[in-house]
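The lines below spell out each chain.
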Amino acid sequence: EQARSIDEIAPVLQNVIAATRAIASEMESTRDELREMRGKVQTSEAEVVKLHAELNAAASQARHDALTGVLNRKGLDEAMHRELAVVHRKEAPLCVALLDIDNFKKLNDSKGHEAGDAALQHLVSVTRECMRAQDTLARYGGEEFVILMPDTVLANGIEAMQRLQRALTRRYFLAGGEQILITFSAGVAQFEQGESAESAI
């Protein structure tokens, strides 16, 4: 406003151009920084997703038997705790069955540990086919398995184990080309109100 000629405006224009260039340069630098930060955020998000997946896998492995894929003792304890809470809250019946494969040591000794492992997997496969969706199968010990049967009274729990025994007689287990009949002995108990898992088992 104070300039009396174009010559007097020139230095002002030069300052404006220099300032504009500085701002443009700063914006370009800021854009590069934002782009780099976005890349880091995406990498971090991918790492978080991967860690979540690994954590879930580790948690699953901590609750499942590595050989058979069914719940282990820790997983069984958690499942038992959940089911007992339902029993106490709704007064619904709950049965627990404890299975023990017959002559398992003899099978291991005569056919080898690989055959023994395969026999356990065979039992689990047939058991899963016979179980209901709401039932829970867990490996309790070496050749011992536990089945939790919610909304099941004692008589029906016993029938379920007999059906499983019949299913096993129809499904021979092959070890080295030889057909072997896998059988088990089982006990079934119905939880009483206030009874502990240890007591029922």
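Data block above holds the structure.
Not measured: the values here are computed from a predicted model. (Residues numbered from 1 in each chain as written. Predicted model: local features only at pLDDT ≥ 70, side-chain atom pairs only at ≥ 80, totals over all residues. Heavy atoms only, no water.)

1. Regarding the sheet that holds strand 6 (residues 184-190)
Short version of the rule: Should DSSP find at least two bridges between two strands, the strands are taken to pair. A run of H or I in DSSP counts as a helix once it spans at least four residues, and a run of E counts as a strand once it spans at least two, with each numbered from the N terminus. Structural elements are reduced to axes, namely lines fitted to C-alpha atoms, with helices fitted over the stretch in contact, and the angle between N-to-C directions of any two is expressed from 0 to 180 degrees.
The four strands lie next to each other as 2-3-1-6, forming an open sheet whose pairing is antiparallel. The strands lining the two open edges of the sheet, one partner per strand, are strand 2 (136-139) and strand 6. For this sheet the average axis-to-axis angle between neighbouring strands, irrespective of direction, equals 20 degrees. Taken together, the seven bridges between strand 1 (residues 94-101) and strand 3 (residues 144-150) define a ladder with antiparallel strand orientation. Residue pairing in the sheet places leucine 98 in a bridge with valine 146 of strand 3.

2. Considerations on the packing of aromatic side chains
The relation between two aromatic rings is expressed through the spacing of the ring centres and the mutual angle of the planes. So the rule is basically this: Two aromatic rings, drawn from Phe, Tyr or Trp (for Trp, its six-membered ring), form a pair once their centres lie within 6.5 Å of each other, and the interplanar angle then sorts them: stacked below 30 degrees, edge-to-face above 60, tilted otherwise. Lysine and arginine charges are scored as sitting over a ring when NZ or CZ, respectively, is within 6 Å of the ring centre and within 35 degrees of the ring normal.
Per the stated rule, a full pass over the model turns up zero aromatic pairs. Note that arginine 73 overlies the ring of tyrosine 140, its terminal NZ or CZ placed 4.0 Å from the centroid.

3. Remarks on the pattern of salt bridges
Put simply, the rule is: In the sections that follow, a salt bridge refers to a side-chain nitrogen of Lys or Arg positioned within 4 Å of a carboxyl oxygen of Asp or Glu. We call a residue buried when its accessible area falls under 20% of the maximum for its residue type, exposed when it is over 50%, and partly exposed in between, using a 1.4 Å probe and counting protein chains only.
Applying the stated criterion across every chain yields a total of 10 salt bridges. A salt bridge links aspartate 32 to arginine 35; the shortest N-O distance between them is 2.9 Å. Placement of both aspartate 32 and arginine 35 in helix 1 (residues 6-63) is noted, with a separation of three residues, approximately one turn of the helix. Since its relative accessible area comes to 48%, arginine 35 is described here as partly exposed.

4. A word on the packing of helix 3 (residues 104-111) against helix 4 (residues 113-130)
The criterion, for reference: Comment on the angle field: the value is read as roughly parallel under 35 degrees, roughly antiparallel over 145, roughly perpendicular from 65 to 115, and oblique elsewhere. Residue contacts follow a heavy-atom distance rule, with two residues in contact if any of their heavy atoms lie within 4.5 Å. Under the scheme applied, nonpolar residues are Ala, Val, Leu, Ile, Met, Phe, Trp, Tyr, Cys and Pro; charged residues are Asp, Glu, Lys and Arg; polar residues are all the others, including Gly.
Across the interface, helix 3 lies against helix 4 with an axial gap of 6 Å and an inter-helix angle of 135 degrees. For the element pair helix 3 / helix 4, the angle class is oblique. Residue-level contacts link Phe104, Leu107, Asn108 and Lys111 of helix 3 to His113, Ala115, Gly116, Ala119 and Leu120 of helix 4. In terms of residue class, the contact of helix 3 with helix 4 is made up of five nonpolar, three polar and one charged.

5. Details of the environment of glycine 141
Here glycine 141 is to be found in the loop between strand 2 and strand 3. Residue classification places glycine 141 among the partly exposed positions, given a relative accessible area of 24%. Glycine 141 sits 20 residues away from glutamine 121 along the chain, and the two C-alpha atoms are 14 Å apart.

6. Let's talk about the nonpolar core
To be explicit about the condition: The set of buried Ala, Val, Leu, Ile, Met, Phe, Trp, Tyr and Cys residues whose side-chain atoms join them within 4.5 Å is what this entry labels a nonpolar core.
Counting 28 residues, the largest nonpolar core has Leu99, Leu137, Phe145, Ile147, Met149, Met161 and Ile182 as its most contacted members. Broken down by secondary-structure element, the contributors of at least two residues to this core are strand 1, helix 3, helix 4, strand 3, helix 5 (154-170) and strand 4 (173-175). It is helix 4 that provides the largest number of residues to this core, a total of six residues. Apart from the residues lying within four places of it in its own chain, the contact partners of phenylalanine 145 are Thr68, Val70, Ala97, Leu98, Leu99, Leu120, Leu123, Val124, Leu137, Ala138, Arg139 and Tyr140. Listed in part, the 14 residues of the second largest apolar core include Leu76, Val87, Val96 and Ala200.

These values are about where atoms sit, not about what they do.
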